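Next come the chains, spelled out residue by residue.
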Amino acid sequence: MYYEIAALFLNYLRNGVLYFVFLILLATSCAPSPTMESGATPTAVIAGATATQPPVEPQIKPTIAPFRFILPTPGAEPVSGWRPPLYPVPWAVSPYDHFYFARPIAADNVNWPLAEYRYGGVFFAPNIVHTGVDIDAEEGTQILAAGPGTVVSADWGLYTEAPGSVTDPYGQAVVVRHDFGYKDQTLFTVYAHMSKIIAVVGQHVETGDVLGLVGDTGATTGPHLHFEVRLGANTFYSTSNPELWMAPPQGWGVLVGKLTDEDGKLLHQFPVEVRPMPSAVPLRKVLTYAEGPANSDEYYQENLVLSDLPAGLYKIVFKYKDKDLQFWADIYPGQVTYFTFTDEDGFQVIPPPVPTLDFLPGTATAVP
Ligand SMILES: [Zn+2]
């Protein structure tokens, strides 16, 4: 009996190690599977019967702990209930904002980015930077077009550019080239790790049309949607942070920061805490972008984005050169709150200068 358990465990461990090596070899994207502490499951605001649930029988059979990754960042996301409806797209209170996209997952499932592995994060290897966000929806959930456009790719092999390649880290993926662009640049969105592709190349889709189903194909540790926004070219190197492109829930806002050292260089993978005031709900933890192919917005030049913050007062805290620093910032409904930190000047909640007219997107980029 004990031998059987030991053999099973060894076998399990070996498979786990092989799986890990396999993942490292594939190494681009994606994501850690849900952590329940992160509040991955949407919870109804009115919790009815939970208080009267019968006590759970104690587990008496020996069990083997499942092999799983420990996520690199602690950052527990507050347990979230149903969120308000999203602002209608395109949503842009300021001329330099561009919340052009709806969420690629409907609101009856998790439709927000996984907290521990945001855009610009690293997980599989220090030099592999996350070029999208991961949405922790359940396997089989419908994946929706984030905006109108034409399907230009729907297959395995997106990263390796080898159609049909089942070892591609994106797994089964769909790319939509949108009917609109931004500042004369074409916009694409990418939907990866599908269990099933439904859209076909050449198909024109509207916002909300089903492109495929959530799965765990490619380099992933569990079912989720990897979602990218690509600006100017349909390549791994031309992504932009999707949290700057997906419309926030109504009444909620987005924190954007640029944190630099004494030489004006971006601080990489710098931990920052964002605490609602008064702090009845848990703080959020966010890391600045790692060095690599995480691109900053042309206007903000940011290295930190935290979307989906209910409007209100927040305390932003981090340690710099062994000093605990903190400052306060207001988040406004449907807007970006921008701050900078530099070694010399400390914090400032001053947006970059208002863009001149030539910064405006102007007329939509026509795409055939
Ligand atoms: Zn991902």
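Just above, that's the structure.
Residues numbered from 1 in each chain as written. Predicted model: local features only at pLDDT ≥ 70, side-chain atom pairs only at ≥ 80, totals over all residues. Heavy atoms only, no water.

### What to know about the overall build of the chain
Here comes step 1: Regarding its fold elements, the chain presents one helix and 17 strands.
Here comes step 2: Once local pairs closer than 6 in sequence are excluded, the contacts in the chain between residues at least 24 apart make up 69%.
Here comes step 3: For the chain, the exposed area adds up to about 17600 Å²; of that, 60% sits on carbon and sulfur atoms. (Helix = DSSP H or I, 4+ residues; strand = E, 2+ residues; numbered from the N terminus. Contact = heavy atoms within 4.5 Å. Areas by Shrake-Rupley, 256 points an atom, 1.4 Å probe, with all protein chains shown as cover.)

### A short note on the sheet that holds strand β12 (residues 284-287)
Here comes step 1: The sheet built from four strands is open, its strands ordered β12-β11-β14-β15 with antiparallel pairing. Single-partner strands in this sheet number two, and they are β12 and β15 (323-331). Across the sheet, the mean angle separating the axes of adjacent strands is 25° when strand polarity is ignored. (Pairing = 2+ DSSP bridges. Axes fitted to C-alpha atoms, helices over the stretch in contact; angles between N-to-C directions.)

### Thoughts on the environment of L144
Here comes step 1: Within the element layout of this structure, L144 appears in strand β2 (residues 142-144).
Here comes step 2: Separated by 42 residues in sequence, L144 and A102 place their C-alpha atoms 8.8 Å apart.
Here comes step 3: Dropping the residues within four chain positions of it, L144 is found in contact with P104, I105, A106, Y191, G208, D209, V210 and L211.

### Comments concerning the environment of V272
Here comes step 1: Along the chain, the position of V272 falls in strand β11 (residues 271-277).
Here comes step 2: Between the C-alpha atoms of V272 and Q326, which are 54 residues apart in sequence, the distance is 9.8 Å.
Here comes step 3: Once you skip the residues sitting within four places of it in the chain, V272 turns out to touch L259, R284, K285, V286, L304, I316, V317 and F318.

### Concerning the packing of aromatic side chains
Here comes step 1: Scanning the entire structure with this criterion turns up 25 aromatic pairs.
Here comes step 2: Members of the aromatic cluster, joined through ring pairs, are F270, F318, Y320, F327, F339, F341 and F347. (Phe/Tyr/Trp six-rings, centres within 6.5 Å; stacked < 30°, edge-to-face > 60°.)

### Here we look at the pattern of salt bridges
Here comes step 1: With the rule as written, the count across this model stands at six salt bridges.
Here comes step 2: One salt-bridge network, in which partners are shared between bridges, spans E262, K321 and D343. (Salt bridge = Lys/Arg side-chain N within 4 Å of Asp/Glu carboxyl O.)

### Some thoughts on the sheet that holds strand β13 (residues 304-310)
Here comes step 1: Strand order in the open sheet formed by four strands is β13-β10-β16-β17, with mixed pairing between adjacent strands. One side of each edge strand has no neighbouring strand; the edge strands of this open sheet are β13 and β17 (346-348). Between one strand and the next, the sheet's axes are offset by a mean angle of 20°, whatever the strand orientation.
Here comes step 2: As paired strands, strand β10 (residues 252-260) and strand β16 (residues 336-342) are joined by seven bridges and run parallel to one another. Directly across from L255, in β16, lies its bridge partner T337.

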